[in-house]
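Each chain, written out:
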Amino acid sequence: MTAEEEKNVGQEPVSTEGEDVTLKKDGGVLKVIKKEGSGTETPMTGDKVFVHYTGELLDGTVFDSSRDRNDKFSFELGKGQVIQAWDIAVATMKIGEVCQITCKPEYAYGASGSPPKIPPNATLIFEIELFDFKGEDLTDDENGGIIRRIRKKGESYAKPNEGSLVEIHLEGKCNGKVFDDRDVTFELGDCESFDIPHGIETVVKQMERGEESLVLLKSNYGFRSEGNAKLGIPPNADLQYEVTLKSFEKAKESWEMSTEEKLEQGSIVKEKGTQYFKEGKYKQAVVQYKKIVQWLEHETGLSGDEDSKAKALRLAAHLNLAACYLKMKEFVLAGENCDKALELDSNSEKALFRHGEAMLGVNEVEQARADFQKVLQLYPSNKAARTQIAVCQKKLKEQHEKDKKIYGNMFQKFAERDAKLEALKPKVGSKVEEEKKESQITDRGDDHTTEVDSNEDPMQITEQNGLND
């Protein structure tokens, strides 16, 4: 008896009915359509598919069924989350289609089987119904803003990282009209300088060399509310792209760089970030400054000179990140970077001042005033801090007056209620005196606020808002 005959002992004869849907055409996955689906579209690699299925051995024994559980099964196609036969067969199905597939062991559970229900070297039969499929959501919170569908899988598992030099071909459409069709080479982190929306950069970081993908972008991940006049894109427009990653050169990871390289590259990207800042490209500037933090934040064992240079670069990076985030009105992030800067230099004039601005941005006025007062204490000639203290005093006075009015009205209502309750009490003895007059609650606390000097502009921008060059 041959090895093949021994392997098939005890098994039912394998059906040869159906279309061979394997690439090799080796008969490993045979498909029979039992109910035609609708439309012409089939799932692509990476799509999330929703199915019902029933699995049987050749002798008719049912070993698994989602229908028995009344719970549809979902998985990402082509990602190896299911047996190979499923990835192959489901990719050929249309919505509403019901098919039967016969799977040889090498496309199912192989020589090991899946004890105790599936024996070794088992040929399996599945009935599958496809209900729906949708593209892969690449947003962090899965809000549907970036949907990718892979038309053609790439050549390897390597993917570009932040700072990689990538060459892509892209075709962009808006409302069915092509607005962009070109080859372009750029550094990841700098896409918007090439009129490429940041959503596309997110996709490219997930692509393999040679991959072709269809990308759907909601407006927040496209050109946002500004649109793009150069490309003819109106504000708040959703976009569709076809993207091919032709090649890429990965940027060195932090652990691949020597200390000397990190310090040298840190100075280069700092200047690049400063140029972006001057051009009003704050997001691009942020990308550059973040590289410095990534490279040097956890660097240890430095010599005295290296340590001083690394500390200066890190301080500049956090100060400049704070300046960028203030421009972008990301006040919490601005405050966090000021805190990092103050860990490196507790008396940093710019860090204290920008922290005050960040606190004003989130309406933490008391803390903002304390920050500006410390600036003035350490640097008495700082006119901007003096002006901002006056702004804080004005805001605090306005809040004080608002609170006084709110609480005054509240106590007034309490007094009116008490008067009504008093009037309802039984009168005893002589004629009751007239109802109490309404009392007014006044605040007799001292007022320490300071009016803004009419000769000073409270929004004046001084060198405190400049970058730490």
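Residues numbered from 1 in each chain as written. Predicted model: local features only at pLDDT ≥ 70, side-chain atom pairs only at ≥ 80, totals over all residues. Heavy atoms only, no water.

### Things to note about the nonpolar core
So, point 1. Phe277, Tyr289, Leu296 and Phe372 are the most contacted members of the largest nonpolar core, which totals 44 residues.
So, point 2. If you list the elements that add at least two residues to this core, you get α5 (259-278), α6 (282-296), α7 (304-327), α8 (331-344), α9 (349-361), α10 (365-378) and α11 (383-423).
So, point 3. In terms of residues, this core owes the most to one element, α7, which gives 10 residues.
So, point 4. With residues near it in sequence (within four places) discarded, tyrosine 289 still touches Lys270, Gly273, Thr274, Phe277, Ala317, Asn320, Leu321, Cys324 and Leu467. (Core = buried A, V, L, I, M, F, W, Y, C linked by side-chain atoms within 4.5 Å. Buried < 20%, exposed > 50% of the residue type's maximum accessible area, 1.4 Å probe, protein only. Helix = DSSP H or I, 4+ residues; strand = E, 2+ residues; numbered from the N terminus. Contact = heavy atoms within 4.5 Å.)

### Overview of the sheet that holds strand β12 (residues 212-217)
So, point 1. Taking strand neighbours across the sheet as the criterion, the 6 strands line up as β8-β9-β12-β13-β10-β11 in an open arrangement whose pairing is antiparallel. Pairing within the sheet leaves two strands with one partner each, and these edge strands are β8 (136-137) and β11 (177-187).
So, point 2. Two elements, strand β9 (residues 146-152) and β12, share 6 bridges in a ladder whose sense is antiparallel. Considered in β12, the bridge of isoleucine 150 is made with serine 213. (Pairing = 2+ DSSP bridges.)

### Some words on α5
The periodicity of an α-helix, 3.6 residues per turn, causes residues three or four positions apart to be oriented the same way.
So, point 1. The end-to-end C-alpha distance of α5, which contains 20 residues, comes to 29 Å, matching closely the 28 Å that a straight helix rising 1.5 Å per residue would cover.
So, point 2. Turning to α5, its buried residues number three or more, namely Thr259, Lys262, Leu263, Gly266, Val269, Lys270, Gly273, Thr274, Tyr276 and Phe277. Buried residues of α5 fall within an arc of 150 degrees about the axis and therefore sit on the same side. What points out from α5, more than 90 degrees from its buried face, is the exposed set Glu260 and Lys278.
So, point 3. Elements that come into contact with the buried residues of α5 comprise α6 and α7.
So, point 4. Downstream of α5 by a residue or two, glycine 280 has a phi angle that is positive, lying close to 80 degrees. (Expected span 1.5 Å × (residues − 1). Arc of directions from axis to C-beta.)

### Some points on the pairing of β12
So, point 1. For β12 and strand β13 (residues 239-249), the ladder comprises 6 bridges, and the chain directions are antiparallel. Residue pairing across strands places leucine 217 opposite leucine 239, the latter belonging to β13.

### What to know about the side chain of asparagine 228
So, point 1. Summarising the element assignment, asparagine 228 is placed in the loop between β12 and β13.
So, point 2. A polar side-chain atom of asparagine 228 sits 3.2 Å from a polar atom in the side chain of aspartate 195.
So, point 3. Leaving out residues up to four positions away in the same chain, asparagine 228 has contacts with Asp195, Phe223 and Ile233. (Polar contact = N/O pair within 3.5 Å; in protein donor to acceptor, adjacent residues only side chain to side chain.)

### Some thoughts on α7
So, point 1. The end-to-end C-alpha distance of α7, which contains 24 residues, comes to 35 Å, matching closely the 34 Å that a straight helix rising 1.5 Å per residue would cover.
So, point 2. Looking at the residues trailing α7, positive phi occurs at lysine 329, about 60 degrees.

### Topic: the pattern of salt bridges
So, point 1. For the structure on display, the rule yields 30 salt bridges.
So, point 2. The partner of arginine 69 in a salt bridge is aspartate 64, with the nearest N and O atoms 2.7 Å apart.
So, point 3. The partly exposed category is assigned to arginine 69, whose relative accessible area is 45%.
So, point 4. Between glutamate 242 and arginine 151 there is a salt bridge, and its shortest N-O distance comes to 3.6 Å. Taken together, the residues span a long stretch of sequence, with glutamate 242 in strand β13 and arginine 151 in strand β9 at a distance of 91 residues.
So, point 5. For arginine 151, a relative accessible area of 46% translates into the label partly exposed.
So, point 6. It is possible to trace a salt-bridge network through shared partners that takes in Glu76, Lys79, Glu136, Arg148 and Glu211. (Salt bridge = Lys/Arg side-chain N within 4 Å of Asp/Glu carboxyl O.)

### Regarding the packing of aromatic side chains
Pairs of aromatic rings are described using the distance from one ring centre to the other and the angle between the two planes.
So, point 1. Applying the stated criterion to the full structure yields 11 aromatic pairs.
So, point 2. Between phenylalanine 75 and tryptophan 86 the ring centres are 5.8 Å apart and the planes differ by 55 degrees, which places this aromatic pair in the tilted class. Here phenylalanine 75 is found in strand β5 (residues 73-76), whereas its partner tryptophan 86 is found in helix α3 (residues 84-90), with 11 residues between them in sequence.
So, point 3. Its relative accessible area of 2% is what places phenylalanine 75 among the buried residues.
So, point 4. Residue tryptophan 86 is classed as buried on the basis of its relative accessible area of 4%.
So, point 5. Following the ring pairs from residue to residue traces out a cluster consisting of Tyr53, Phe63, Phe73, Phe75, Trp86 and Phe126.
So, point 6. In this arrangement the basic side chain of lysine 72 is found over the ring face of phenylalanine 131, its NZ or CZ atom lying 4.6 Å from the centre.
So, point 7. Looking at arginine 209, its charged tip hangs above the ring of phenylalanine 248, at a distance of 4.5 Å from the centre. (Phe/Tyr/Trp six-rings, centres within 6.5 Å; stacked < 30°, edge-to-face > 60°. Lys NZ or Arg CZ within 6 Å of the ring centre and 35° of its normal.)

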